[in-house]
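# Secondary and tertiary structure notes
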Amino acid sequence: MQNADVVIIGAGITGLSSAYWLAKAGAKVIVLDKGRTAGEASSRATGFLSLRGEQPMESALAAEAEKLWDTLDEELGYPTEWKQEGRLWVATNAQEWADMQLTYEHFCTTAIPFELIDGEQCRKIAPSLMPGIVGGIHTHRSGHGNPQRTAQAFAWAFQDRGGVILENSPAVDILVEGGRVKGVRTPDSTIYAPVVVNCAGPQLAKIGAMVGVDIPIATVRLESMVTAPLPPLFDVAMVGNGLSLRQTRRGNIHFNGGPHEWIDVSLTEESAKPNTPVVRNIAGRLAELMPSIAHIPLLRSWAGIVDVTPDQVCIVDRLSDPEGLIIACTSGHGFGMAVSVGVAVKDLALEGQTSMPISALKLDRFKDLPADWKTQRKWQPGSYNT
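Just so we're clear, the structure is a prediction, and the values are computed from it rather than from any experiment.

The subject of this paragraph is helix H6 (residues 147–160). Every α-helix winds through 3.6 residues per turn, so residues three or four apart in the chain are directed the same way. With 14 residues, H6 extends 20 Å from end C-alpha to end C-alpha; this agrees with the ideal 20 Å at 1.5 Å per step. Residues of H6 that are buried: Pro-147, Thr-150, Ala-151, Ala-153, Phe-154, Ala-155, Ala-157 and Phe-158. With a side-chain oxygen lying 3.0 Å from the backbone nitrogen of Gln-148, the N-terminal cap of H6 falls on Asn-146. Phi turns positive one or two residues past the end of H6, at Gly-162, with a value near 90°.

This is the structure in structure tokens:
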């Protein structure tokens, strides 16, 4: 038996960020994970902070994350390889360009400065782009970092402050008494705490179901890969031809994309990964987007499982039933958002409220969601989001 002020389920980037800010505030925190620290999507992400122009309801929270990212290496005492060099979305054909101009209208409802640019301007930012680029959206804001180093930095900084991470320790039950959370049971022990944070990513819904809380997420396998190192080609975080890509400090092109396969997950076992035909498809689209590097070999590929909400927007909420349960779901863009989400979780755990802009991100926005929403969207295991 152990005691803590807060138990966090999930040692991904969101759980580690929450744990760090809580430990810094003086809380005794234990983090549980069914596998290794940051062993799923957190260390396999592209490494972007998206300012969420396409989702105005969480754009303000992303802007708060941007402020924290700029000083995060100093805060944690470990490198994240963060680069604030802006972001570029590119259209490779006329239909994508028409869709992008509609997307730009959504972007303009936020306080973030975005601009439409033509294909020539896109190629000035990233000269290796294919000649047929039609146009794009660009912002000087936002940036990218190294997911593996960042997850490691949060874990080490948390442990430096006395935090405990229990790997290979899945949560198998949440203890509730009199409508209040009392702790978490693992296969090997019981940890008592008045606050439990569900940051379990792909397992969010299964963890919620332990206490009768419906968390609407679908789980999808994200394929990622890196090329051999190259000379500097571009600095921005980029989206184009169905890919997200960045150039690392070493010079590798780190990229991922679809088609993604919807899958089911287990509370205790890892899911199958990666998928070779999908990897081949993604690599081929990088060669189309940047023909001059088509001959560069891939060094490695990997996959992680991502949680996605129906509106693809975060859930950050402290529930009243059961009291003491906090949900932190970052819906597939946890790498960039985790910094500010972690601060919000810290506040909710210790004060019950936060000044972080999360009022639109509560779980009850899905109260009228049909029970078969995943079937209607074809987001069931075995389907692809093509």
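Another aspect to go through is helix H1 (residues 13–24). When the terminal C-alpha atoms of H1 are compared, their 16 Å separation across 12 residues agrees well with the 16 Å that a helix rising 1.5 Å per residue should span. The buried count for H1 comes to 11 of 12 residues, which makes it a mostly enclosed element. Looking at H1, one finds that the buried residues are Ile-13, Thr-14, Gly-15, Leu-16, Ser-17, Ser-18, Ala-19, Tyr-20, Trp-21, Leu-22 and Ala-23. Positioned one or two residues after H1, Gly-26 has a phi angle of 100°, which is positive.

Roughly 400 Å³ of internal volume is contained in the second largest pocket. Together, 17 residues line the second largest pocket, and Asn-146, Gln-148, Arg-246, Thr-248 and Arg-300 are the ones closest to its centre. Ranked by residues supplied to the lining of the second largest pocket, first place goes to H6 with four residues. The class makeup of the residues in the lining of the second largest pocket is three nonpolar, seven polar and seven charged.

Across soluble globular proteins, you tend to see nonpolar side chains buried next to one another. Of all hydrophobic cores here, the largest spans 62 residues; its most connected members are Ile-8 and Val-29. Top element by residues in this core is helix H9 (residues 334–351). It accounts for 10 residues. Discounting chain neighbours no more than four positions away, the residues touching Val-29 are Val-6, Ile-8, Ala-19, Leu-22, Ala-23, Phe-158, Gly-163 and Val-164.

The full count for this structure, using the stated rule, is 13 salt bridges. One salt bridge in this structure joins Glu-75 and Lys-24, with 2.9 Å as the shortest N-O distance. Remark: Lys-24 occurs in helix H1 and Glu-75 occurs in helix H3 (residues 72–76); sequence separation between them is 51 residues. Across the salt bridge formed by Asp-347 and Lys-346, the nearest N and O atoms sit 2.9 Å from each other. Asp-347 gets classed as buried once you look at its relative accessible area, which sits at 13%. Three or more residues are tied together by salt bridges with common partners; here these are Arg-221, Glu-223 and Glu-261.

Cut-offs used in this document
Residues numbered from 1 in each chain as written. Predicted model: local features only at pLDDT ≥ 70, side-chain atom pairs only at ≥ 80, totals over all residues. Heavy atoms only, no water. Helix = DSSP H or I, 4+ residues; strand = E, 2+ residues; numbered from the N terminus. Expected span 1.5 Å × (residues − 1). Buried < 20%, exposed > 50% of the residue type's maximum accessible area, 1.4 Å probe, protein only. Polar contact = N/O pair within 3.5 Å; in protein donor to acceptor, adjacent residues only side chain to side chain. 1 Å grid on protein atoms, 1.4 Å probe; cavity = no way out; pocket = protein on both sides within 12 Å on 5 of 7 lines; lining within 4 Å. Points joined across faces, edges and corners; volume = space filled by probe spheres on them. Nonpolar A, V, L, I, M, F, W, Y, C, P; charged D, E, K, R; others polar. Core = buried A, V, L, I, M, F, W, Y, C linked by side-chain atoms within 4.5 Å. Contact = heavy atoms within 4.5 Å. Salt bridge = Lys/Arg side-chain N within 4 Å of Asp/Glu carboxyl O.

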